[in-house]
Amino acid sequence: MRHIRAPFTALYRPDSLSIHHQFNFSTIQGQLNQSSEHKIHSHLLKLCLLQCQRIKTRHPFDETPQRLAQASRTSKTIHAQTLIFGFGSKGQLGNAIVDLYSKCGNAEFSLKAFNQLEKQDILAWNSVLSMYSRQGAVKQVIRCFGSLQNCGVPPNQFTYAIVLSSCARLVDIDLGKQVHCGVIKMGFEFYSFCEGSLIDMYSKCGSLVDSRKIFDAVEYPDTVSWTAMIAGYVQVGLPEEALKVFEDMQKLDLFPDQVAFVTVITACVGLGRLDDACDLFAQMPNPNVVAWNVMISGHAKRGCNIEAIIFFQNMWRTGVKSTRSTLGSVLSAIASLAALNYGLLVHAQAIKQGLNSNVFVGSSLISMYAKCEKMEAAKKVFDALDERNLVLWNTMLGGYAQNGYGSQVMKVFTEMRSCGFQPDEFSYTSILSACACLECLQMGRQLHSFIIKHNFECNLFVENALVYMYAKCGALEEARKQFESIRNKDNVSWNAIIVGYVQEENEDEAFIMFRRMNLDGITPDEVSLASILSACSNLLALKQGEQVHCFLVKSGLQKSLYAGSSLIDMYVKCGSIEAARNVFSCMPNQSVVSMNALIAGYVQHDFDEAIDLFHEMQNGGLNPSEITFASLLDACNGPVKLNLGRQIHCLILKRGLLSGDDLLGVSLLVMYMNSQRKTDADILFSEFQYPKSTILWTAIISGHTQNGCSEEALQFYREMRRNNAIPDQATFASVLKACSTLASLADGRVIHSLIFHIGFDSDELTCSALVDMYAKCGEIKSSVQVFEEMGSKTDVISWNSMIVGFAKNGYAENALQIFNEMKQTQIRPDDVTFLGVLTACSHAGRVSEGREIFDIMVNTYKIAPRVDHYACMIDLLGRWGFLKEAEEFIDKLKFEPDAMIWATLLGACRIHGDDIKARRVAEKLIELEPENSSSYVLLSNIYAASGNWDEVNSVRRTMREKGLRKFPGCSWIVVGQKTNLFVAGDKFHPSSGEIHAVLKDLISLMKKDGSIAETDSLLLDGD
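What you see is a predicted model; the values in this text were computed from it and never measured. Sequence order as written defines the numbering, with residues in each chain counted from 1. Given that the model is predicted, a residue must reach a pLDDT of at least 70 before its local features are reported, and side-chain atom pairs must reach 80 or more before they are shown or counted; all residues, however, enter totals for whole chains, interfaces and linings. Side-chain measures were taken over the full set of non-hydrogen atoms in the model, leaving aside hydrogen atoms and water.

Concerning the overall build of the chain
Reasoning step 1: Counting its secondary structure elements, the chain contains 56 helices and four strands.
Reasoning step 2: The dimensions of the chain, computed from C-alpha atoms along their principal axes, are 150 × 60 × 55 Å.
Reasoning step 3: Between buried and exposed lies partly exposed: a residue is buried under 20% and exposed over 50% of the maximum accessible area for its type, with that area taken using a 1.4 Å probe on protein chains only. Here the chain, with 1023 residues, has 47% of them falling under the buried criterion.
Reasoning step 4: Excluding contacts between residues fewer than 6 apart, the proportion of contacts in the chain whose partners are at least 24 apart in sequence is 60%.
Reasoning step 5: Computed by Shrake-Rupley with a 1.4 Å probe, the accessible areas treat only the displayed protein chains as cover when residues are assessed. For the chain, the exposed surface amounts to about 51900 Å²; the carbon and sulfur share of it is 53%.
Reasoning step 6: Charge convention: Lys and Arg are scored as positive, Asp and Glu as negative, and His as well as the terminal groups of each chain are ignored. Charge placement uses NZ in Lys and CZ in Arg. For Asp and Glu, CG and CD serve respectively. If you average the places of the 96 positive and of the 110 negative side-chain charges in the chain, the two averages end up 8 Å apart. In DSSP terms, a helix is any run of H or I states spanning at least four residues, a strand is any run of E spanning at least two, and both are numbered starting from the N terminus. Residue contacts are counted whenever heavy atoms from the two residues lie within 4.5 Å of one another.

Printed below as a string of structure tokens:
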């Protein structure tokens, strides 16, 4: 007999539930008789079976690692006592120990206990088989089944059910058929467990014919068989058949179990029949977490994100605990809505349940924060995760890429590789998106080589990303080459190349690709249709836009937010406001985007209606975006609407939208500058925090340049450089224009040097501005050199700059030569081109050619002449003696000639000394601009040239009576960093005394040398 430390009465209590609290085996003393041993054996067996039952009745989703670890410790305690009493390897108790370890997932102890059994019967084998099956070790199940047969242990129906399940998971129909033979041989083919397992195995292996044969052969199928058949149809993509089987099941008054309900609900969700799924879900007495997950994920995947969140809230209220799948699905719905407040609540629940450290949940949280544009929060979640897999890294990469943080994508990608993770197709997609965002073509090309080296070049995701990257970087030839190499193009492929052509304003090629897409049988989606509508907008091609509208109606997409907003934008830009309003009215749900598109349209045509829409937007619960305010500010140009602009400024400040947003900052600066409130613009600019962005610096420089404050524009540019802000092409264009206005060649050369050093010398817009600057500063040689060194001259602006430069500097023949070269390059001339060419013709005396060019402009290129084109033609005719034809040209005009027209003809009259015409023209000019002294001065000079001094005195008398004075001429010179301005008669210059002394000496020398010519006209002085 064994010695024990406590009386037996302390050991055995029939109502005991926990061996840790009710028993203390280490203190049992005394001796046990055979009856006592039997009682201990029975009690230990009861405890063991009770623990097994507890694990079995709990839902697997409720099993946390902590609970299973606790159950495993309990198992070891019970096992230890069975070994102390010598019961561990015998009979039912030994099997129960093996089963308990197996249910706890403790494979090591389960196998040890199994190997110590005196007799390894089928119950013990089934326990081990079940353990492997639960752990997903399906191949180990098959090996164990082979060992079982080799040991001569006959399987039972439960054994075959486990093995058939493993065959199904391996999708090994040949092995499944062998096991099926064993089932028939053992006579288990009509046992419900085997029937259901056979139906499930054949279904999952894709052999629905065999599955249906077995099902139809069952006389009274139980719920398991019905569920297996339903699941089979769902798995092979025949949800309609699954629903028919379910309906047949209900007709036989069989109440579905949880698995059957979940299976058929899954079928309804797959068919998009969410209402039916909701009805079935409502019939479930106590839906388990799997059913809740199906409903949440099903609604989220179908875009019913609000409904998905409501299901999650109801689930939480019923006390069903979330799983990682639950949180992943609801976070996906929250991300789609960018509903940050809900996301924060779910994050809190994940922390409370200890699921925030789960990789899957962590990935979903990062994705949610990324969609809500909260990358700092996403980074915190990422940093807090101890375990990181490739999916998690990709989610982080994708988040930064979606939010335009190209440099951060590069940083995370480098960190990922340093941690030993090899990129997959999703990694490459994100990094290529970053290259596109940064327009870093060189890095994109290097990455392309890396992709080829690692055999990802044929992956469709990567191929599409490459097309997008090249297109976004402006390398359309490479984008097209990559696109054509894709074998199985999908919508994303076509969208990438079409969007690329539209962004680069190659609309003709975009239309060609769109037609090819349709001919290839690819149905355009919202993205491609929106891109083509954008192309229509760029070309103001209303008819083509209307055709796309018809296509949208036919496709049922005209009421969708994305396509509908694009339609509104197209109609607005094409000037068809009523059509835009009709589209807007038909949309079931208005968005901020669609509202913005319509407001932008009304801003140009009916500002009051735009304001009404703004109020309607707020009343409808939509929050105006930065674009909304920017559109309204664009219309507040000029002093009349300044007060409204200031009110909008206040509203922007109140909403906290100005901090960190360059769009609104630029819009406000432009509004104040266009309203001639330079001081307000300067104050606003000074309030922006340092470092100021290049866009803001460019806005303030451009504003001063356009308002004639070129000296201040240069000062802001110098301050910009002192603050280490890097100018871009727009900055250079603005500051070079200021140099042109001031004829500040020295500043222009300094800026040219910087352009060269930072690589903008290959940019066409910047080079065009340089050509213009040098030409206006009279440095035509440098202007020609820049023009000839330009690598690309695809924009008409480049040619215009050179043509106008030559024309204004008197090089008429060169201007006409450049125009002929331009025509040979197929660049379409615009109104500015023809103005420059006509000016050149006027200076060169090419009257006949000028007439021909004017006719080509109007009749061939269909360009409507502006007033300055007409003035140029009058100058051409009048300058070279065709005064009568010039006068007839004016008479034929379909509008009332303005002052520019008459002033040009008056100048021609002066050249040819035609006093009679000059008087008549001057009267017209004075009638139009009675307060303008230049008309009087010009007429006076004409009379003086012909010696008609009586008329000269008459004109001067009229000027004195009207209080008119000639505006004195001015000149300037830049010395160091200071511009010195000189005005006729001005004595306020700090060095005026010295200057006049030098002038006096120079005039004296010129007189002695005979260098002062006689004037042929009377120049009126300041009186």
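Things to note about the pattern of salt bridges
Working definition: two side chains of opposite charge can pair if their charged atoms are close together.
Reasoning step 1: Throughout this description, the term salt bridge denotes a Lys or Arg side-chain nitrogen within 4 Å of a carboxyl oxygen of Asp or Glu. Following the criterion strictly, the structure yields 25 salt bridges and no others.
Reasoning step 2: Here Arg-516 ties to Glu-484 by a salt bridge, and the two come within 2.9 Å at their closest N and O atoms. Here Arg-516 is found in helix 29 (residues 507-519), whereas its partner Glu-484 is found in helix 27 (residues 476-485), with 32 residues between them in sequence.
Reasoning step 3: Given the relative accessible area of 35%, Glu-484 is considered partly exposed.
Reasoning step 4: One continuous salt-bridge network, built from bridges that share partners, spans Arg-480, Glu-484, Glu-509 and Arg-516.

So, helix 40 (residues 694-706)
Reasoning step 1: Here helix 40 is 13 residues long and its end C-alpha atoms lie 18 Å apart, about the 18 Å a rise of 1.5 Å per residue gives.
Reasoning step 2: Among the 13 residues in helix 40, ten count as buried, and that is most of the element.
Reasoning step 3: The complete set of buried residues in helix 40 reads Leu-696, Trp-697, Thr-698, Ala-699, Ile-700, Ile-701, Ser-702, Gly-703, His-704 and Thr-705.
Reasoning step 4: Buried residues along helix 40 sit in contact with helix 38 (662-674), helix 39 (678-687), helix 41 (710-722) and helix 42 (729-742).
Reasoning step 5: Looking one or two places after helix 40, you find Gly-708, whose phi comes out positive at around 75 degrees. Under the convention used throughout, the expected extent of a helix is 1.5 Å for every residue step, that is, one less than its residue count.

Looking at unusual backbone geometry
Reasoning step 1: At the junction of Tyr-690 and Pro-691, the peptide bond is cis and its omega measures out at 0 degrees in the coordinates.
Reasoning step 2: One non-glycine residue, Lys-862, lies in the positive phi region at around 55 degrees.
Reasoning step 3: Inspection of the secondary structure puts Lys-862 in the loop between helix 49 (847-860) and helix 50 (867-879).
Reasoning step 4: We classify Lys-862 as exposed; its relative accessible area is 66%.

Notes on helix 41
Reasoning step 1: In this model, helix 41 (13 residues) spans 19 Å end to end at C-alpha, consistent with the 18 Å of a helix rising 1.5 Å per residue.
Reasoning step 2: Listing the buried residues of helix 41 in full gives Ser-710, Glu-711, Ala-713, Leu-714, Phe-716, Tyr-717, Arg-718 and Met-720.

Thoughts on a nonpolar patch on the surface
Reasoning step 1: Residues enter patches when their relative accessible area tops 30% and they take part in no salt bridge; the joining distance is 9 Å for like charges and 5 Å for the nonpolar side chains Val, Leu, Ile, Met, Phe, Trp and Tyr. Nonpolar side chains collect at one region of the surface, where Val-998, Leu-999, Leu-1002, Ile-1003, Leu-1005 and Met-1006 lie side by side and expose about 520 Å² of accessible area between them.
Reasoning step 2: By the secondary structure assignment, Leu-1002 is in helix 56 (residues 992-1009).

Digging into the packing of helix 10 (residues 192-204) against helix 12 (residues 223-235)
Reasoning step 1: In contact at an axis separation of 8 Å, helix 10 and helix 12 are set at 5 degrees when each is read in the N-to-C sense. Relative to helix 12, the element helix 10 is oriented roughly parallel. Between helix 10, through Ser-192, Glu-195, Gly-196, Ile-199, Asp-200, Ser-203 and Lys-204, and helix 12, the contact on the second element is made entirely by Val-224, Ser-225, Ala-228, Met-229, Gly-232 and Gln-235.
Reasoning step 2: Note that Gly is not counted as nonpolar here; it falls among the polar residues with everything else outside the nonpolar set of Ala, Val, Leu, Ile, Met, Phe, Trp, Tyr, Cys and Pro and the charged set of Asp, Glu, Lys and Arg. Class assignment of the residues belonging to the contact of helix 10 with helix 12 gives a composition of four nonpolar, six polar and three charged. Think of each axis as a best-fit line through the C-alpha atoms, taken over the contacting stretch in the case of a helix, with angles from 0 to 180 degrees between the N-to-C directions. Under this scheme an angle from 65 to 115 degrees is roughly perpendicular, one under 35 degrees roughly parallel, and one over 145 degrees roughly antiparallel; angles in between are oblique.

Remarks on the side chain of Ser-768
Reasoning step 1: Mapped onto the fold, Ser-768 is located in helix 44 (residues 764-776).
Reasoning step 2: Once residues within four sequence positions are removed from consideration, Ser-768 is found in contact with Met-790, Ile-797, Ser-798 and Ser-801.

Regarding the environment of Thr-326
Reasoning step 1: Checked against the element boundaries, Thr-326 lands in helix 18 (residues 324-337).
Reasoning step 2: Separated by 37 residues in the primary sequence, Thr-326 and Val-289 place their C-alpha atoms 8.1 Å from one another.
Reasoning step 3: The contact partners of Thr-326, leaving out residues within four places of it in the chain, are Val-289, Asn-293, Ile-296, Phe-312 and Met-315.

Observations concerning the packing of aromatic side chains
By convention here, two paired aromatic rings are described through the distance between centres and the angle between planes.
Reasoning step 1: Geometry of aromatic contacts follows a simple scheme: Phe, Tyr and Trp rings, the Trp one being its six-membered ring, pair when their centres are within 6.5 Å, and the pair is stacked under 30 degrees between planes, edge-to-face over 60, tilted otherwise. On inspection of all chains with the given rule, the structure shows 28 aromatic pairs.
Reasoning step 2: With 5.7 Å between their ring centres and 65 degrees between their planes, Phe-732 and Phe-760 make a pair best called edge-to-face. Residue Phe-732 is found in helix 42, and its partner Phe-760 is found in the loop between helix 43 (745-757) and helix 44; the two are separated by 28 residues along the sequence.
Reasoning step 3: Of the residues examined, Phe-732 reaches a relative accessible area of 0% and is grouped as buried.
Reasoning step 4: For Phe-760, a relative accessible area of 21% corresponds to the partly exposed category.
Reasoning step 5: Every member of this aromatic cluster is reached through a ring pair, and the members are Phe-145, Tyr-160, Phe-188 and Tyr-191.
Reasoning step 6: Sitting over the ring of Tyr-690, Lys-692 keeps its end group 3.3 Å from the ring centre.
Reasoning step 7: Lysine and arginine charges are scored as sitting over a ring when NZ or CZ, respectively, is within 6 Å of the ring centre and within 35 degrees of the ring normal. When the ring centre of Phe-882 is taken as reference, the NZ or CZ atom of Arg-851 above it lies at 5.3 Å.

Quick look at the packing of helix 37 (residues 642-654) against helix 38
Reasoning step 1: As a packed pair, helix 37 and helix 38 sit with axes 11 Å apart at the nearest point and diverge in direction by 160 degrees. Taken as axis vectors, helix 37 and helix 38 run roughly antiparallel relative to one another. Seen from above, helix 37 lies across helix 38 with left-handed handedness. Across from Leu-642, Gly-645, Arg-646, His-649 and Ile-652 in helix 37, the residues of helix 38 making contact are Leu-664, Leu-668, Met-671 and Tyr-672. For any pair of crossing helices, the crossing counts as left-handed if the nearer helix is rotated counterclockwise from the farther one by less than a right angle, and right-handed if it is rotated clockwise.

Structural notes on a negative patch on the surface
Reasoning step 1: A cluster of like negative charges, contributed by Glu-439, Glu-504, Glu-505 and Asp-795, occupies part of the molecular surface.
Reasoning step 2: Tracing the sequence through the fold places Asp-795 in the loop between helix 45 (780-789) and helix 46 (796-808).

Here we look at the side chain of Glu-887
Reasoning step 1: If you trace the backbone, Glu-887 turns up in helix 51 (residues 883-891).
Reasoning step 2: Taking the relative accessible area as the measure of exposure, Glu-887 reaches 14% and is therefore buried.
Reasoning step 3: The residues contacting Glu-887, other than those within four sequence positions of it, are Lys-917 and Arg-920.

A short note on the environment of Gln-715
Reasoning step 1: Looking at the element boundaries, Gln-715 is found in helix 41.
Reasoning step 2: Here Gln-715 falls in the partly exposed class, since its relative accessible area comes to 43%.
Reasoning step 3: Sequence spacing of Gln-715 and Arg-879 is 164 residues, and the spatial spacing of their C-alpha atoms is 41 Å.

Comments concerning the environment of Asn-455
Reasoning step 1: On the secondary structure map, Asn-455 appears in the loop between helix 25 (441-453) and helix 26 (460-472).
Reasoning step 2: With a relative accessible area of 63%, Asn-455 lands in the exposed category.
Reasoning step 3: Spatially, the C-alpha atom of Asn-455 lies 62 Å from that of Cys-841, the residues being 386 residues apart in sequence.

Concerning the confidence of the model for the chain
Reasoning step 1: On a range of 0 to 100, pLDDT expresses the predictor's confidence in each residue. Averaged over every residue, the pLDDT of the chain is 83; the share at 70 or more is 90%.
Reasoning step 2: When pLDDT is averaged over each helix and strand of the chain, the minimum, 34, is found for strand 1 (residues 4-5) and the maximum, 94, for helix 45.
Reasoning step 3: Predicted confidence is poor over residues 1-32, with pLDDT under 50, and the contacts of this stretch with residues over four places away or in other chains come to 65 contacts.
Reasoning step 4: Ignoring residues within four places in sequence, the model shows residues 1013-1023, a span with pLDDT below 50, making 21 contacts including any to other chains.

Some details on the state of the cysteines
Reasoning step 1: The disulfide definition used here is simple: a pair of cysteine sulfur atoms within 2.5 Å. The final tally for this structure, using the stated rule, is zero disulfides.
Reasoning step 2: Here Cys-435 stays unpaired: no disulfide links it, and the sulfur of Cys-440, its closest cysteine neighbor, is 5.7 Å away.
Reasoning step 3: In this model Cys-909 remains outside any disulfide bridge; the closest cysteine sulfur is found in Cys-872, 17 Å from its own.
Reasoning step 4: Owing to a relative accessible area of 0%, Cys-909 belongs among the buried residues under this scheme.

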